[in-house]
Amino acid sequence: MSGKIRKFGLLGQKLDYSFSKKYFEAEYHKHYSAPAEYRNHELPTADLLLPLVREQNLEGLNVTIPYKEAVIPFLDEISPEAERIGAVNTLKIARIGEQIHIKGYNTDSVGFGESVRPYVTEHCAALVLGTGGAAKTVAYVLEKYGMRVTFVSRGKGAENCLTYDSLTADIVSANTLIVNATPMGTLDFGSDVALPYAGITPRHFCMDLVYNPPTTVFMEECALRGAKVCNGLEMLHRQAEEAWKIWNS
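Predicted model only: the values in this text are computed from it and were never measured.

For the rest of this paragraph, the subject is unusual backbone geometry. The amide bond that connects isoleucine 65 to the next residue, proline 66, takes the cis arrangement and shows omega of 5°. Following the sequence through the fold, proline 66 ends up in the loop between strand S3 (60-63) and strand S4 (77-78). A cis amide bond links asparagine 212 to the next residue, proline 213, at an omega of 15°. On the secondary structure map, proline 213 appears in the loop between strand S11 (205-208) and helix H7 (217-224). Unlike most non-glycine residues, asparagine 57 shows phi in positive territory, near 55°. Tracing the backbone through its elements, the reader meets asparagine 57 in the loop between helix H2 (49-56) and S3. The class of asparagine 57 is partly exposed, set by a relative accessible area of 37%.

What follows is the structure, given as structure tokens:
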């Protein structure tokens, strides 16, 4: 280790909102004495992953929107769970001579599973807002808990996918666990989640994977109607702990 700086980072687009850099560096220095750095890497396309890894001499990357699915074709290996989910959020990078080997994992499944565990026994049907990598992870975990999952998307999707325009207060009322797995509501990112909030009741648990701002409009609207709400910060912390275990194993 002798002075070599270990290099990690976050891969995505529009990363100014992310708390990951400060959090990961603080956590790393609590547990490890070797020097390390964690940087945000904004790439225009996923196919630039390997040039980035080579140029920056990276050991590990977290992956966020919009690359949790897009990087998969550029990996050498993927964990069985990440393959089942169809999305990765953690990359472990190994070097043997000049050869680089990149393996993808999904630690979001652990982070989300631990965050939602106290609430799942009260619910049997869920709406997952979004159809991207984060939404796939959420659905995978909820289905493991035995829940019926319906996706909500802006466009027409699979059989178990509704559009926002087709949502009614009755549908919202019948699905008492709702997770926003889109970036909508993120600071400086875009519009807020548009739901028929009249269907929200005190029976609901509504989780927003967004954590910046700490309280989104989605959370405020649901809380106003008596629902339990939380953001994605605990999920971020828990998946980060899993990522460090992978990078240091």
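Still more ground to cover, so stick around.
Under the defined criterion, the tally for this structure stands at four aromatic pairs. A centroid spacing of 5.1 Å and a plane angle of 80° characterise the contact between phenylalanine 8 and tryptophan 244, whose relative ring orientation is edge-to-face. Note that phenylalanine 8 is positioned in strand S1 (residues 6-12) and tryptophan 244 in helix H8 (residues 233-247), a separation of 236 residues in sequence. Exposure remark for tryptophan 244: the relative accessible area of 7% places this residue in the buried category. Aromatic pair phenylalanine 8 and tryptophan 247: ring centres 4.8 Å apart, planes at 25°, arrangement stacked. Of this pair, phenylalanine 8 sits in strand S1 while tryptophan 247 sits in helix H8, and the two are 239 residues apart along the sequence. Across the pair, tryptophan 247 and phenylalanine 8 agree in class, each one buried. Members of the aromatic cluster, each reached through a chain of ring pairs, are Phe8, Trp244 and Trp247.

Conventions and cut-offs
- Residues numbered from 1 in each chain as written.
- Predicted model: local features only at pLDDT ≥ 70, side-chain atom pairs only at ≥ 80, totals over all residues.
- Heavy atoms only, no water.
- Helix = DSSP H or I, 4+ residues; strand = E, 2+ residues; numbered from the N terminus.
- Buried < 20%, exposed > 50% of the residue type's maximum accessible area, 1.4 Å probe, protein only.
- Phe/Tyr/Trp six-rings, centres within 6.5 Å; stacked < 30°, edge-to-face > 60°.

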